[in-house]
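Tertiary structure, described
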Amino acid sequence: MKMSTFGPVGLNAANMSSAVSAALAELGEKPKIAIVYPPIGADYAAIVSLIRKSADVPVIGATTGGAGFTEKGIALNALVGGFIGGDDVSVQTAAIKDMTK
């Protein structure tokens, strides 16, 4: 398994794009999944769109509800996340709508 992280990074498109590109370059291969933790109130659709355009992988995550962090720092109002890849990693995703007991 390989992992690279990005953030804390400001929530403007240029900063996020640069940080995501650097993390992808650090990973050195196509990731299998992205994990993101934006602050509450961020434009989640824009963040997911940016990740998908950059890496074309499933994106999972949640709001931090507080501070998010990577080895690069702590963020109260910024995006943190990462990519996971490697030949030994397999990812499957599914969407469920209108689920009841």
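Residues numbered from 1 in each chain as written. Predicted model: local features only at pLDDT ≥ 70, side-chain atom pairs only at ≥ 80, totals over all residues. Heavy atoms only, no water.

A few words on the pattern of salt bridges. Counted according to the given criterion, the structure contains 2 salt bridges. A salt bridge links Lys-2 to Glu-29, with the shortest nitrogen-to-oxygen separation between them at 3.0 Å. You can see Lys-2 sitting in strand S1 (residues 2-9) and its partner Glu-29 sitting in the loop between helix H1 (13-27) and strand S2 (33-37), a full 27 residues away along the chain. The exposure class assigned to Lys-2 is partly exposed, which follows from its relative accessible area of 41%. When the shortest N-O distance is used, the salt bridge between Lys-72 and Glu-71 registers 3.7 Å. Relative accessible area serves as the criterion here: at 46%, Lys-72 is assigned to the partly exposed category. (Salt bridge = Lys/Arg side-chain N within 4 Å of Asp/Glu carboxyl O. Helix = DSSP H or I, 4+ residues; strand = E, 2+ residues; numbered from the N terminus. Buried < 20%, exposed > 50% of the residue type's maximum accessible area, 1.4 Å probe, protein only.)

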